[in-house]
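# Overview (structure and organization)
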Amino acid sequence: MAVDRTPVLKRCRSLGMDPIYLGIDKKSTRQLKRANRKVSEYGLQLKEKQKAKFIYGVLEKPFRNYFAKAQKLKYGTTGDNLMILLELRLDNVLFRLGFARTRKEARQIVDHKHVLVNGKRVNIPSYQVKAGDTIEIQEKFKGAQRYKDILEVTGARLVPAWLEADQEKLSGVVKEIPTRAEIDVPVNDVLIVELYSK
């Protein structure tokens, strides 16, 4: 499996984004040592795509597949659909519910078969959840120290309106499909659409 091993803060600096979107509270004190170069239109589009891929932890080929799928959906614009598809990944939903500190940790939790979707074990981080799905941590892992530590960190985190989380039982429900307005990710999806439409 391909893994992006770039240091997170360094990558955040180069993309000009706050690490808080990844669930990391650290701040980088270093500044980018770049001359004020004019960025081309292509450069801006590419940066937005890299931002989306980095935030959701998706590599190029799956990202392109998400884009193709977003184009085929009958409702909404391609950009909105792309962001909604990324948001409905199981690892992201786990992160949003507050059962993981970062999306990378959420991915690992799913990989290690700790997660049940509608009572069935799912170990695919890219699994697309649907409205009405119940997501929970398996009973035998609920008492683990790991989840107590996670909830200490994520307890104060706001759960989006389209999800419902029960932190006592380590379970949550997808109430509805989110709208683009409910996705607080600093990505301009219009530029991504322009990039792939060339």
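Structure: above.
Our subject in this report is the structure included herewith. Remember, it's a predicted structure, so these values are computed and weren't measured experimentally. (Residues numbered from 1 in each chain as written. Predicted model: local features only at pLDDT ≥ 70, side-chain atom pairs only at ≥ 80, totals over all residues. Heavy atoms only, no water.)

## A few points about the nonpolar core
- Core analysis: the biggest nonpolar cluster contains 47 residues, and Leu-94, Val-115 and Ile-135 have the highest contact counts within it.
- Not counting residues up to four positions away in its chain, the partners in contact with Ile-135 are Leu-90, Val-93, Leu-94, Leu-97, Val-115, Leu-116, Val-117, Val-129, Leu-170, Ser-171, Gly-172 and Val-174. (Core = buried A, V, L, I, M, F, W, Y, C linked by side-chain atoms within 4.5 Å. Buried < 20%, exposed > 50% of the residue type's maximum accessible area, 1.4 Å probe, protein only. Contact = heavy atoms within 4.5 Å.)

## Describing the layout of surface pockets
- Considered as a void within the structure, the second largest pocket measures approximately 410 Å³ in volume.
- Forming the walls of the second largest pocket are 19 residues, and the residues nearest its centre are Ile-20, Phe-95, Arg-96, Arg-157 and Asp-184.
- Listed by contribution, the elements that provide at least two residues to the lining of the second largest pocket are α5 (90-97) and α8 (145-154). (1 Å grid on protein atoms, 1.4 Å probe; cavity = no way out; pocket = protein on both sides within 12 Å on 5 of 7 lines; lining within 4 Å. Points joined across faces, edges and corners; volume = space filled by probe spheres on them. Helix = DSSP H or I, 4+ residues; strand = E, 2+ residues; numbered from the N terminus.)

## Some details on the packing of helix α1 (residues 8-15) against helix α2 (residues 41-56)
- The N-to-C vectors of α1 and α2 enclose an angle of 150°; their axes lie 10 Å apart at closest approach. If you check the angle between α1 and α2, you find them roughly antiparallel. Once α1 is placed against α2, the crossing between them reads as left-handed. Judged by residue contacts, Val-8, Arg-11, Cys-12, Ser-14 and Leu-15 of α1 engage Lys-47, Gln-50, Lys-51 and Phe-54 from α2. (Axes fitted to C-alpha atoms, helices over the stretch in contact; angles between N-to-C directions. Parallel < 35°, antiparallel > 145°, perpendicular 65-115°, else oblique. Left-handed = near helix turned anticlockwise from the far one by under 90°.)

## Description of the side chain of Asp-91
- With respect to the secondary-structure elements, Asp-91 resides in helix α5.
- Note on Asp-91: relative accessible area 2%, which makes it buried.

## Some thoughts on the pairing of strand β3 (residues 134-137)
- Side chains of β3 alternate between two faces, with Ile-135 and Ile-137 buried and Thr-134 and Glu-136 left unburied.
- Pairing analysis gives three bridges linking strand β1 (residues 115-117) to β3, with the strands arranged antiparallel. In the sheet register, Val-117 faces β3, and the bridge partner there is Ile-135.
- Alignment of β3 against strand β5 (residues 171-174), held across three bridges, turns out to be antiparallel. Pairing of Thr-134 across the sheet is with Val-173, part of β5. (Pairing = 2+ DSSP bridges.)

## What to know about the pairing of strand β4 (residues 163-166)
- As defined by bridge partners, β4 adjoins β5 across four bridges and the pair is classed as antiparallel. Residue pairing across strands places Leu-163 opposite Val-174, the latter belonging to β5.

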